[in-house]
Amino acid sequence: MAEIPLRETFWNIPLWGIVGVYAGGAIALAIFGWGVWRRVALWRKGGPEMRWDRIPARIGKVIREVLFQARILSQSYPGIMHAAMFWGFLALFIGTAIATIDWEITRLLFDVRILKGPFYLAFELTLDLFGAFLLIGLGLACWRRFVRRPSRLEPTGKFAYAIAILFVLALTGFVIEAARLAVTQPAWAPWSPVGWTLAKAMLASGMGEGALRGLHLSLWTFHALLVFVFIALIPHTYFAHLIATPLNIFFTKLGPRGALAKIEKLEEQETFGVSEFAQFSWKRRLDFDACIECGRCQDVCCSQLSGGVLNPKKVIGKLKRYMHAGDTRPLHGEIITAEELWACTTCMACVQECPAHIDIVDTIVDLRRYLALSEGAFPSTTGTTLQNIQRLGNPWGLDPADRLGWAKGLDVPLLEAGQPVEYLYWVGCSASYDARNQKIARSMVKILRQAGVSFGVMAEERCHGEVGRRLGEEYLYQTAAEENIGNLRRYDFRKVLTHCPHCFNTLANEYPQFDGGQFEVVHHSVLIDELLRTGRIIPRAGTDQTVAFHDPCYLGRQNGVFDAPRAVAAAVPGVKLIEIPRNRARAVCCGGGGGQMWMEVHARKRINIIRAEEIAATGAATVAVGCPYCLTMLDEGRKVAGAEERLQVKDIAELVAESLG
Ligand code: SF4
Ligand code: SF4
């Protein structure tokens, strides 16, 4: 009768080795547990933050992002590299757990072996293959970090020892297996293809049983010691991300990415934002520990692209070191400078890329809030901008009575209480006052009229305060929000229509944080797309032109609207729609968000110029946008880039309105 395949546990291991495994394992686990306890205690010193809601959705995130490595794999080389290491490591971890259950639980308690027969063969094959994946992943990591050396990675000893320890563990595991197979030569040895190949090489080299047994025992002892060192080191070293990063993904922000947290009961607060490290919440502390220092955020940050001072990887790294060092130096100025904080456009490119799901922008805004609300320390001209919003309801400080000047001659209906309309058209400050952007609102009115959509504008409209909120001036923002919500509630409309993604994000995602602030909000790209699809407007006129669509950060990356504006642009006769190399969720910011529109920006080359050059290089005659900020920034960018003659900038509403004749 054929022998049943069965796992041989502690083959060739004397009693002292078996006793050593249990003793060493217990010590390693105790040091591990102590380390985890210390880390958790450190996180728990932070302030409260509610992240225990929607547990099934959180588990789903962990499955998608940790188990399936979804975001990690969005970049090919580092993605494959990390996934190979992760899956290899995970398989070996699960394999060890199954082997322990088999030997210590089912065998001892029930006299049943799990690891036998076909299951054992599949187990051997799987572990062998995944062990090989781990080695391949480690090789790729070593090559990238220490040979290719991309600027976003540091080739330091911390990473060298992390790679080395895992490499030696995986390699010795294979050699130990090979030595055992070379001696025992079971019929099922080919089910361990890597180990068996090595075993055959050992036999071919003339190694006898004594040598093989000696090699096996010495390497097994070394391997076991290294495993214990590794387990003990996990919570105390870079390997802590094995715990912190999956936990951080579990506690990730589930609401709209673009919504900042509200400061509740603002009038009762004694301090605002974060002035001292102790004021960070526990989640923010977990964020800092979850950072794997991959530099993906640095690569996409528009401040970095333009040679500015802000590097999100460095900001998170500094805060992590500060937390662990128990540093007492002032956070503001000494650790994080105001220049770094104000350089952020809140574009969320970093957050979109971060495989650890770190709330980088929320941290920056928390720090800004202290500067704004406690110190009143605003950059350059933004103090005046904020005063203008507060006093006159628009950032330019123009006369509120002129707010509807854009509608002159259009006979635009003003909302009246008790007279229902389908859409309240929220025009926003840019299209109300800025001559170039007024054309967007006028185009929109033409489209709505031709489609027979019932709409009206609100005479009391004023700035929604988003610039204030992004600059940390939460008080101004909340005042504006409450006033606007009170006014909106006076009218009878089904939906709010807006052509500005900043207005969209504020009204759709942030106003719901206030009583009565829940509105259904539609971006004009979505409505125009619907009007086109249902035949309520039919574009007829057009000239042959190549059009590239630039995704606004607050529309695409932050609110997931990518297809509608493209469909709208493509519906115009003669338009050949092309893509800019960095597009959709990976589009580069125009540089206007986060209050940057109102600041003097210090950079080697401003990001709007870089973006305009990138667009001009596609050969497009027109760059279509769906945001007044993008329109203004790219309009300026193309002029500075010397592309004024060959590249025009238009909102998608303008493109459609022109084609309606
Ligand atoms: S939000 Fe944009 S500008 Fe700010 S740190 Fe992230 S990538 Fe850089
Ligand atoms: S913050 Fe995120 S993207 Fe940036 S280095 Fe850390 S883990 Fe990587």
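Described below are features of the structure shown in this document. Think of each chain on its own: its residues are numbered from 1, step by step along the sequence as written. Starting at A for chains and at 1 for ligands, labels are handed out in the order in which the entities are written. Under the rules for a predicted model, residues below a pLDDT of 70 receive no local features and side-chain atom pairs below 80 are neither given nor counted, while totals for whole chains, interfaces and linings still include all residues. As a convention, hydrogens and water are excluded, and side-chain values are obtained from all of the structure's heavy atoms.

1. Some details on the sheet that holds strand 7 (residues 622-625)
Now for step 1: Taken in spatial order, the 4 strands make up an open sheet running 6-5-7-8, and their pairing is parallel. Each of the sheet's edge strands pairs with one partner strand only, and the pair in question is strand 6 (575-578) and strand 8 (648-651). Taking the axes of each pair of neighbouring strands and ignoring which way they run, one obtains an average angle of 35 degrees across the sheet.
Now for step 2: Relative to strand 8, strand 7 runs parallel, the two being bridged by 4 bridges. Its bridge partner lying in strand 8, V623 is registered against V649.
Now for step 3: We call two residues in contact whenever any of their non-hydrogen atoms come within 4.5 Å of each other. Helix axes are fitted to C-alpha atoms over the stretch in contact, other axes to C-alpha atoms as well, and angles between N-to-C directions run from 0 to 180 degrees. Secondary structure elements are defined from DSSP: runs of H or I of at least 4 residues count as helices, runs of E of at least 2 residues count as strands, and each element is numbered from the N terminus. Seen against the sheet, helix 26 (residues 628-640) touches strand 7 and strand 8 and runs at an angle of roughly 175 degrees to strand 8. Strands are treated as partners if at least two bridges between them are detected by DSSP.

2. Points about a nonpolar patch on the surface
Now for step 1: Only residues whose relative accessible area exceeds 30% and that take part in no salt bridge are eligible for patches, with like-charged residues grouped when within 9 Å of each other and nonpolar side chains (Val, Leu, Ile, Met, Phe, Trp, Tyr) grouped when within 5 Å. For the accessible areas, the method is Shrake-Rupley and the probe is 1.4 Å, while residue cover comes only from the protein chains on display. Between Lys or Arg on one side and Asp or Glu on the other, a salt bridge is scored when a side-chain nitrogen of the former is within 4 Å of a carboxyl oxygen of the latter. A contiguous nonpolar surface patch, about 750 Å² in accessible area, is contributed by I101, I105, L108, L109, F110, V112, I114 and F119.
Now for step 2: Element by element, the count of residues in the nonpolar patch is highest for helix 3 (residues 76-110), at 5 residues.
Now for step 3: Here F110 shows up in helix 3.

3. A closer look at the nonpolar core
Now for step 1: Counting residues in hydrophobic clusters, the biggest one holds 107 residues, and the most contacted among them are L331, W406, Y425, I447, I528 and I537.
Now for step 2: For I447, the contacting residues outside a window of four places in its chain are I528, L531, I537, A653, V656, A657 and L660.
Now for step 3: Residues L134, F159, I163 and Y238 belong to the second largest nonpolar core, which totals 21 residues. Note on terminology: a nonpolar core comprises buried Ala, Val, Leu, Ile, Met, Phe, Trp, Tyr and Cys residues joined through side-chain atoms within 4.5 Å. Any residue under 20% of the maximum accessible area for its type is buried, any over 50% is exposed, and the rest in between are partly exposed; the area is computed with a 1.4 Å probe on protein chains only.

4. Considering the layout of surface pockets
Now for step 1: For the second largest pocket, the calculated volume is near 920 Å³.
Now for step 2: With a 1 Å grid spanning the protein atoms alone, the term cavity applies to any set of points in which a 1.4 Å probe fits but cannot get out, the term pocket to an open set with protein on both sides within 12 Å along at least five of seven lines, and the term lining residue to any residue with an atom within 4 Å of a point. Forming the walls of the second largest pocket are 32 residues, and the residues nearest its centre are P48, E49, A261, K262 and R284.
Now for step 3: In terms of residue count, helix 16 (residues 360-375) provides more of the lining of the second largest pocket than any other element does, 4 residues in total.
Now for step 4: Residues are grouped as follows: Ala, Val, Leu, Ile, Met, Phe, Trp, Tyr, Cys and Pro are nonpolar; Asp, Glu, Lys and Arg are charged; every other residue, Gly included, is polar. In the lining of the second largest pocket, the residues fall into 12 nonpolar, 9 polar and 11 charged. Grid points are joined across faces, edges and corners, and a volume is the space filled by probe spheres set on the points.

5. What about the site of ligand 1?
Now for step 1: Lining the immediate environment of ligand 1, one finds C301, C302, L310, P312, C344, T345, T346, C347, M348, C350 and V361.
Now for step 2: Looking at the shell around ligand 1, its residues break down into 9 nonpolar, 2 polar and no charged. We call a residue near a molecule or strand when any one of its heavy atoms sits within 4 Å of it.

6. A short note on helix 22 (residues 501-510)
Now for step 1: For helix 22, a buried count of 9 out of 10 residues is recorded, marking the element as mostly surrounded by other parts of the structure.
Now for step 2: Listing the buried residues of helix 22 in full gives P501, H502, C503, F504, N505, T506, L507, N509 and E510.

7. So, unusual backbone geometry
Now for step 1: Notably, D111 is not glycine yet its phi reads approximately 55 degrees, a positive angle.
Now for step 2: The topology assignment puts D111 in the loop between helix 3 and helix 4 (117-148).
Now for step 3: Within the chain, H357 stands out as a residue other than glycine whose phi angle is a positive 55 degrees.
Now for step 4: Among the secondary structure elements, H357 is positioned in the loop between helix 15 (349-353) and helix 16.

8. Some details on a negative patch on the surface
Now for step 1: Only four residue types enter the tally: Lys and Arg on the positive side, Asp and Glu on the negative side, with His and both chain ends excluded. Charge positions come from single atoms, namely NZ of Lys, CZ of Arg, CG of Asp or CD of Glu. Taken together, E267, E268, E482 and D515 make up a surface patch of like negative charges.
Now for step 2: Along the chain, E268 falls in the loop between helix 8 (241-250) and helix 9 (282-290).
Now for step 3: According to the relative accessible area criterion, E268 is exposed, its value standing at 59%.

9. Thoughts on the side chain of R557
Now for step 1: Residue position: R557 is located in the loop between strand 5 (545-549) and helix 24 (563-570).
Now for step 2: Here R557 is buried and forms no salt bridge, its nearest opposite-charge partner E353 lying at an N-O distance of 6.8 Å.
Now for step 3: Here C347 takes part through its backbone oxygen, which lies 3.0 Å from a polar atom of the side chain of R557.
Now for step 4: Any N or O atom pair separated by 3.5 Å or less is treated as a polar contact, with the protein-specific requirement of one donor-capable and one acceptor-capable atom, and with residues adjacent in sequence counted only for side-chain atom pairs. Only 2.7 Å separates the side chain of R557 from the backbone oxygen of A587, close enough to count as a polar contact.
Now for step 5: The contact partners of R557, leaving out residues within four places of it in the chain, are R257, C347, M348, A349, Q352, P552, F562, A585, R586, A587 and C589.

Function cannot be read off these values alone, since they describe shape.
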